[in-house]
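# Analysis of the macromolecular model
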Amino acid sequence: MKRRKLDLGAVPGNVARGADERLQASTPLRGLLNKVFPDHWSFLLGEIALFSFVVLLLTGVFLTLFFDPSMREVVYNGSYPGLRGQMMSAAYASSLDISFDVRGGLIMRQMHHWAALMFMAAIVIHMFRVFFTGAFRKPRETNWVIGVTLFLLGFFAGFTGYSLPDDGLSGTGLRIASAIMLSFPVIGSWLSSSVFGGEFPGMLIIPRFFIAHVLIIPALLLGLIAAHLGLVFAQKHTQWPGPGRTNENVVGERMFPRYAMKQGGFFMAVFGVIAFMAGAFQINPIWLFGPYRASEVSSASQPDWYVMFMDGLVRLMPDWDIFIPLKIGGGEGYVIPPMFWPAGVLLGVLIVLPMLYPAIEARLTGDKRIHNLLERPRDNPHRTALGMMAVSFYIIATISGGNDVVADKFHISLNAMTWVGRIGLLIVPPIAYWVTYRICLGLQQHDREVLAHGVETGIIKRLPDGRFVEVHQPLAAPDEHGHTHLEYTGWVVPKKMNRVGALGPAIKGFFFPIEKPVEAPVSPGHPPVDPAAKREEVGSSH
């Protein structure tokens, strides 16, 4: 009997056919692999957040293997001589062991911290892009709410992880969190006692934060990220307006193979940047802070940057106690402490208001249409100005979170820094709104002028009557007055001559000698290249 020859080239196809006959996966998989993604650098911000989260999961699993989430007192006998022989919690001792005694532990700890910072930074900048381009409009309101919730969960994930080492700095953060809980009227004492298992700091807070940090919050983040990506696949991806792009199509690259390969390379780039930062830049040196003592608080105790805005709001709040004369059960009344307003009420407003913004804008503008094309920020001046108003508010609050450091380093009165922050928080956001609004209108006007009069060529022409006029290159056939009638579509308007093909392509490269284009023919079999057409004189208009 003749033995059948194995065709290696047909193996993948046969395996795939056999799998599809059993699993019926080709139809949904075809739709997934054929999904078209637009190509623009600003769309990579969400990918940076996603890839940073993957790095967080990988490094977090490593750290979990060696971390002891316990507050029992132990004597440190590790490799760091500065703390050897001191009493400390087992959590702090295991964090020191990870940093000095576990092979690769320090770089994993620093990669975890840098990845967390990059994750939050990418989320914030990605949300700025979505807001300023109107990508949150119908039908993507749900994804916008998911994005705000992801930021909030990242906020709590960062805070719980930051608190786990139980060092002097993180213990101060926990003390502030306890004070915020106690400031809540009626439920404050119950809330703090429930979280800390009694009086601050208790023995339960680190084990509870550990469960929240490695199990509950990551599970919620994974679920919301899956829902976020699922909605991106179910709905059309937004894209910038331009030639061939409509509200019904998406112009770009299919998921497989080019886009998937590019994303794989981009993941390795993000991973490499985080690893480089972890290896080159020290972050959170917990051995310098020492174990937490409730009686010891040092200056320059700041949280990570994405939490500093709340710290700044607390510092700027005036010392206003509100006394409520409720003499129930023989009491002398009730006092609402000033910390409750910035850390309770204002924080709630800053969370709920962005979630409701898509509904508020649709209600005010009456715009109920589906939008798959993005808007340039200049084309919606009110929204852009509101966004810059919020950004300026956030920046001032964040800087105020480190006003003691600024005052110390620049020899400025801390009281003066506090008053500058208070006044700035009131007057800078309205100024930012007005300036941004006027800039948007100016940019729109400039675009319309180019559409009407053409591109400035830099050529000055003298008329027979002695006047000098600048020659403009019209973008369309001009009328008898030299004006063109092009509709303003909200897309990029060429404003330089090389954008309309008047100049040859630039030669790339800066290493000397600069490489020049190869003269034709490039090979013996290559057909000769025709010489470039003679350029015509630029027409005149004004």
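In this text the structure is predicted, and so the values were computed from the model without any measurement.

Quick notes on the rules
- As a convention, each chain's residues are numbered from 1 in the sequence order in which they are written.
- Since the coordinates come from a predicted model, pLDDT governs what is reported: local features require at least 70, and pairs of side-chain atoms require 80 or more to be given and counted, while whole-chain, interface and lining totals use all residues.
- Working from all heavy atoms in the structure, the side-chain values ignore hydrogens and water.
- A helix here means a DSSP run of H or I that spans at least four residues, while a strand means a run of E at least two residues long, and both kinds are numbered starting from the N terminus.
- Note that the radius of gyration is over C-alpha atoms, with the globule rule given as 2.2 Å times the number of residues to the power 0.38.
- Each residue's exposure class comes from its accessible area (1.4 Å probe, protein chains only) as a fraction of the maximum for that residue type: buried when under 20%, exposed when over 50%, partly exposed otherwise.
- Only heavy atoms enter the contact rule, under which two residues are in contact if any of them lie within 4.5 Å.
- Each accessible area value is a Shrake-Rupley result obtained with a 1.4 Å probe; residue values ignore everything except the protein chains displayed when judging cover.
- UniProt positions are given in the numbering used here, feature names are shortened, and annotations may be inferred rather than shown by experiment.
- Only buried residues count toward a nonpolar core, which is a set of Ala, Val, Leu, Ile, Met, Phe, Trp, Tyr and Cys residues joined through side-chain atoms within 4.5 Å.
- The criterion for strand pairing is that DSSP finds at least two bridges linking the strands in question.
- Throughout this description, the term salt bridge denotes a Lys or Arg side-chain nitrogen within 4 Å of a carboxyl oxygen of Asp or Glu.
- In this analysis, a patch consists of residues with relative accessible area above 30% that form no salt bridge, clustered at 9 Å for like charges and at 5 Å for the nonpolar side chains Val, Leu, Ile, Met, Phe, Trp and Tyr.
- Here a Phe, Tyr or Trp ring, Trp counted by its six-membered ring, pairs with any other such ring whose centre lies within 6.5 Å, and the pair is stacked when the planes are under 30 degrees apart, edge-to-face when over 60, and tilted otherwise.
- Think of it as a cone above the ring: NZ of Lys or CZ of Arg counts as a charge over the ring if it is within 6 Å of the ring centre and within 35 degrees of the ring normal.

The next point concerns the overall build of the protein chain. Along the protein chain, the regular secondary structure elements total 16 helices and eight strands. Here the C-alpha atoms of the protein chain give a radius of gyration of 30 Å, more than 25% beyond the 24 Å that 2.2 N^0.38 yields for 542 residues. Taken along the three principal axes of its C-alpha coordinates, the protein chain extends 95 × 95 × 55 Å. A total of 542 residues make up the protein chain; the buried ones form 38% of that total. Partitioning the contacts of the protein chain with sequence separation of at least 6, the portion at a separation of at least 24 is 73%. Looking at the protein chain as shown, the accessible area adds up to about 32200 Å², and 66% of this sits on carbon and sulfur atoms.

The positions that UniProt labels "transmembrane region" (unreviewed entry) are, in the present scheme, residues 42–67, 113–132, 144–164, 209–234, 264–283, 339–360, 381–399 and 419–440. The annotated region residues 209–234 carries 100% helix and 0% strand content, and the separation between its end C-alpha atoms amounts to 35 Å. Here residues 339–360 is 95% helix and 0% strand, with 29 Å between the C-alpha atoms at its ends.

It is worth spelling out the nonpolar core at this point. Within the largest apolar cluster, 57 residues are counted, with the highest numbers of intra-cluster contacts made by Trp-114, Phe-119, Ile-123, Trp-144, Ile-274 and Phe-309. Mapped by element, the contributors of at least two residues to this core are helix H3 (44–64), helix H5 (105–132), helix H6 (141–163), helix H9 (205–234), helix H10 (255–280), helix H12 (305–316), helix H13 (340–365) and helix H14 (381–400). With 15 residues, H5 is the single largest residue contributor to this core. Within the second largest apolar cluster, 18 residues are counted, among which are Met-71, Met-181, Phe-210 and Tyr-292.

Our next topic: the pairing of strand S8 (residues 468–473). Taken together, the five bridges between strand S7 (residues 455–462) and S8 define a ladder with antiparallel strand orientation. Each bridged residue has a counterpart across the sheet, and for Glu-456 the counterpart in S8 is His-472. With antiparallel pairing between neighbouring strands as the criterion, S7 and S8 make up a hairpin whose turn holds five residues, including Gly-466 at a positive phi of roughly 100°.

The next point concerns the side chain of Ser-42. Of note, Ser-42 is situated in the loop between strand S1 (36–37) and H3. If we skip the residues at most four places from it in the chain, Ser-42 touches Arg-129 and Trp-240.

All right, on to the pattern of salt bridges then. This structure, assessed with the given rule, holds 15 salt bridges. Its salt-bridge partner being Asp-447, residue Arg-376 comes within 2.8 Å of it at the nearest N-O pair. Highlighted residues: Arg-376 in the loop between H13 and H14 and Asp-447 in helix H16 (residues 414–453), separated in sequence by 71 residues. Of the residues examined, Asp-447 reaches a relative accessible area of 0% and is grouped as buried. Counted as one network, the salt bridges with shared partners bring together Arg-376, Arg-378, Asp-379, Asp-447 and Lys-495.

A cluster of nonpolar residues, Trp-419, Ile-423, Leu-426, Ile-427, Val-428, Ile-431, Trp-434, Val-435, Ile-439 and Leu-443, forms a patch on the protein surface that exposes about 990 Å² of accessible area. Relative to the elements of secondary structure, Trp-434 occurs in helix H16. Residue classification places Trp-434 among the exposed positions, given a relative accessible area of 58%.

Right, let's talk about the environment of Leu-33 for a bit. Positionally, Leu-33 belongs in helix H2 (residues 26–33). Residues Leu-33 and Leu-231, spaced 198 residues apart in sequence, show a C-alpha to C-alpha distance of 16 Å. When sequence neighbours within four positions are dropped, the list of residues in contact with Leu-33 reads Arg-254, Met-255 and Phe-256.

Summed over all chains, the structure comprises 28 aromatic pairs. Relative to Tyr-259, the ring of Phe-37 has its centre 4.3 Å away and its plane inclined at 0°; by these criteria the two rings are stacked. Of this pair, Phe-37 sits in strand S1 while Tyr-259 sits in helix H10, and the two are 222 residues apart along the sequence. Exposure remark for Tyr-259: the relative accessible area of 11% places this residue in the buried category. Both rings, one in Phe-131 and one in Tyr-357, keep their centres 5.1 Å apart while their planes meet at 55°; by these two values the pair is tilted. Of the two residues, Phe-131 is situated in helix H5 and Tyr-357 in helix H13; the sequence distance between them amounts to 226 residues. For the pair formed by Phe-131 and Tyr-357, the shared burial category is buried. By the ring-pair criterion, three or more aromatic residues cluster together here, those being Phe-128, Phe-131, Phe-132, Phe-136, Trp-144 and Tyr-357. Lying across the ring of Phe-200, Arg-175 places its NZ or CZ 4.2 Å from the centre. The cationic tip of Arg-448 hangs over the ring face of Tyr-488; the distance from NZ or CZ to the ring centre is 4.1 Å.

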